[in-house]
Every structure is written in structure tokens, then in C-alpha cells.
Amino acid sequence: MNIILFGPPGSGKGTQAEQLCKKLNLLHIATGDIFRENLNQKTDLGNLAKTYMDRGELVPGDVTNAMVRDRLDRPDTAGGFVLDGFPRTLPQAEALTVIMKDLERQIYGVLYINVSDEEVVNRLSGRIICRECQTPFHKIYNPFESCPFEKCNGEHLYQRDDDKPETVRARLETYHTQTAPVLDYYQQANLMIEISGAGTVKDVSQQALQAVKSLA
Ligand code: AP5
């Protein structure tokens, strides 16, 4: 099963993707994480992406589409995946349709996590993440000093540069102008399922799991 997790920045896509992948044994593919991994490794792609991410803008479509095609074409995606953070524009959605056709794969559904702008600001201002496994935590809702997972060996949690208030505002603007129209594309394809992201992580997980089971 191949699923897209869709929603504004900070809606909980990364958090819910982790839960769904664990429960359903799917692979989590997040374009933001791939850009950040490249940035940590100081690759050309990472340095290019940073200039856009720091301004709350989208990395150019041709670079992003090629990166996603390459990732989806790897054998570890065969058991199904959760795509988080892509597509984010209509041209990206159209490109994904072509990529899936070329790879003889199919998107089963798009889970839209609906959260208000106010809650986004609340969540992102307190978010801290592990540099090693990229898992998001929260200073108030899910507080840890260091990553609790053994494989990360006590890695210190840090705040993302693009979670500064002015960048969060720019990301929300980008979402409303460029990303939200993608919802229509998937609504017309009859693939979109909306869930409320306003409850606790557990509440939202239950809704997400139920929605995914309805697709199966
Ligand atoms: P990306 O990393 O994808 O960022 P985003 O979409 O803005 O999403 P976030 O990772 O900020 O939030 P999330 O929805 O995953 O929420 P999370 O689970 O962490 O992209 C970053 C940048 O990369 C973009 O701005 C762009 O520049 C570039 N980029 C990426 N993809 C691109 C593309 N396709 N094209 C072009 N450019 C691209 O949760 C947030 C916080 O809330 C956490 O602290 C979490 O613990 C907490 N939380 C989660 N759920 C709950 C809950 N139910 N209750 C309370 N707290 C909660």
C-alpha cells in the first residue's frame, strides 16, 4: 500500500507517518528529511535546499521531482510506503502521477491532516528533533532532553532553523498559496480522506489507522 500524508507544516505528518509505518510495516519517505540528511552531509543538494528552506520557500520542482523518482525507484519501496511532504504543488502532483505510472505502482489514498494555523505555530515553536533519526518531539507535549531510541545513542535534540517564528509564517503562506490547491487534484481523483489533526497524537493515530484500513 502506498499512501500520501498531506497537511500544513507542523500538522503532524512526520509524527503520524512514524506510527503508521510501525503498525503497517511501511517505509517512511519524507522529502524534508532527505533534504536535511543532505544538508548534514554537506552535499550540493543539501546546500541548495537550505537556501530555500531557510526562507520558508519550496525547493525547485525539477530538483525535487528527480530526487523523489530516484527514491521511489529503489527496491526497499516494494512493500509499500508513506510519502510525507510530497507533492506540494500541482506540477509535483502531476509529476508523481507520471512517476507512479512509469514504475507501475499506484497511490491508494491521500490522508489530509487538517490543523489550524494557530495550532501549527503552537506546535512548531516547541518542536525539537533528533538529528540522527529525525523523529520529532515537543518541549511541552512530548518532552525529552535527548533521543530516547537506543540506536541514536542519546543524540541531543535540536530546534530546526526553519521553525523560527518568521520562517513558520512564510511556510504557512507557501502552504496556503502553493500547496493547498493540491487537495483539489486528489479530491477529483477520489483519493482524498480528511482527518482532524486537532486531538492528541493517539487520537489522530487512531483516525489515521482507521482511514488507511478503509482504503485496503
Ligand atoms: P518538511 O520537513 O516536509 O516540513 P513541513 O511540511 O513544513 O512539515 P513539518 O516537518 O514541519 O511538520 P509535520 O507535519 O511533519 O509535523 P510533525 O510531525 O513534525 O519540509 C521542510 C522544507 O523542505 C520545506 O519548507 C521546503 O523548503 C522543503 N521541501 C520539503 N518537501 C518539499 C517539496 N515536495 N517540494 C519543495 N520543497 C520541499 O509535528 C510538529 C510538532 O507537533 C512536533 O513537535 C510534534 O511532536 C508535535 N505534534 C504532532 N502531532 C501532535 C498532536 N496531535 N498534538 C500535539 N503535538 C503534536
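This section reports on the structure supplied with the text. (Residues numbered from 1 in each chain as written. Predicted model: local features only at pLDDT ≥ 70, side-chain atom pairs only at ≥ 80, totals over all residues. Heavy atoms only, no water.)

## Remarks on the site of the ligand
This is how the line gets drawn: Distances are taken per atom, and a residue is near a molecule or strand as soon as one of its heavy atoms is within 4 Å of it. Side-chain atoms alone can form a polar contact between residues adjacent in sequence; in general such a contact is a pair of N or O atoms within 3.5 Å, and within protein one must be able to donate a hydrogen while the other accepts it. Segments assigned H or I by DSSP are reported as helices when at least four residues long, segments assigned E as strands when at least two residues long, and all are numbered from the N terminus. Residues are sorted three ways: Asp, Glu, Lys and Arg are charged, Ala, Val, Leu, Ile, Met, Phe, Trp, Tyr, Cys and Pro are nonpolar, and all the rest, Gly among them, are polar.
In the region of the ligand, 35 residues are neighbours, and Thr-15, Glu-57, Arg-88, Arg-127 and Arg-171 sit closest. At 3.1 Å from an oxygen atom of the ligand is found a main-chain nitrogen or oxygen belonging to Gly-12. Residue Gly-85 places a main-chain N or O atom 2.9 Å away from a nitrogen atom belonging to the ligand. Within the residue set of the shell around the ligand, elements represented by two or more residues are helix H1 (13-24), helix H2 (31-40), helix H6 (117-125), strand S6 (136-138) and helix H9 (201-215). Residue contributions to the shell around the ligand peak at four residues, all from H2. When its residues are assigned to classes, the shell around the ligand shows 13 nonpolar, 13 polar and nine charged.

## Some thoughts on unusual backbone geometry
Note the threshold: Between buried and exposed lies partly exposed: a residue is buried under 20% and exposed over 50% of the maximum accessible area for its type, with that area taken using a 1.4 Å probe on protein chains only.
Residue Pro-87 follows Phe-86 across a cis peptide bond; omega there is 0°. Note on placement: Pro-87 falls in the loop between strand S3 (81-84) and helix H5 (90-102). Look at Asn-25: it is not a glycine, yet its phi comes out positive at around 60°. Assignment of secondary structure puts Asn-25 in the loop between H1 and strand S2 (27-30). The class of Asn-25 is exposed, set by a relative accessible area of 67%. You will see that Asn-190, though not glycine, has its phi angle at about 65°, which is positive. Tracing the backbone through its elements, the reader meets Asn-190 in the loop between helix H8 (182-188) and strand S8 (192-196). For Asn-190, a relative accessible area of 69% puts it in the exposed group.

## Notes on the nonpolar core
Side chains of nonpolar character tend, in soluble globular proteins, to be buried together. What counts, and what does not: Residues belong to one nonpolar core when they are buried, are Ala, Val, Leu, Ile, Met, Phe, Trp, Tyr or Cys, and are joined through side-chain atoms within 4.5 Å. Working rule for contacts: check all heavy atoms of both residues, and any pair within 4.5 Å makes them a contact.
Formed by 27 residues in total, the largest nonpolar core has its most connected members in Leu-72, Leu-96, Ile-107, Val-110 and Tyr-186. Those elements that place two or more of their residues in this core are strand S1 (2-6), H2, helix H3 (44-53), helix H4 (61-72), S3, H5, strand S4 (109-114) and H8. Excluding its chain neighbours within four sequence positions, the residues that come into contact with Leu-96 are Ile-4, Leu-72, Leu-83, Phe-86, Pro-87, Ile-107 and Tyr-186. Among the nonpolar cores identified, the runner-up in size contains 20 residues, and Ile-3, Leu-111, Leu-124 and Ala-211 belong to it.

## Brief notes about the environment of Leu-5
Mapped onto the elements, Leu-5 comes out in strand S1. On the basis of relative accessibility, which here comes to 1%, the residue Leu-5 falls in the buried class. Separated by 164 residues in sequence, Leu-5 and Arg-169 place their C-alpha atoms 21 Å apart.

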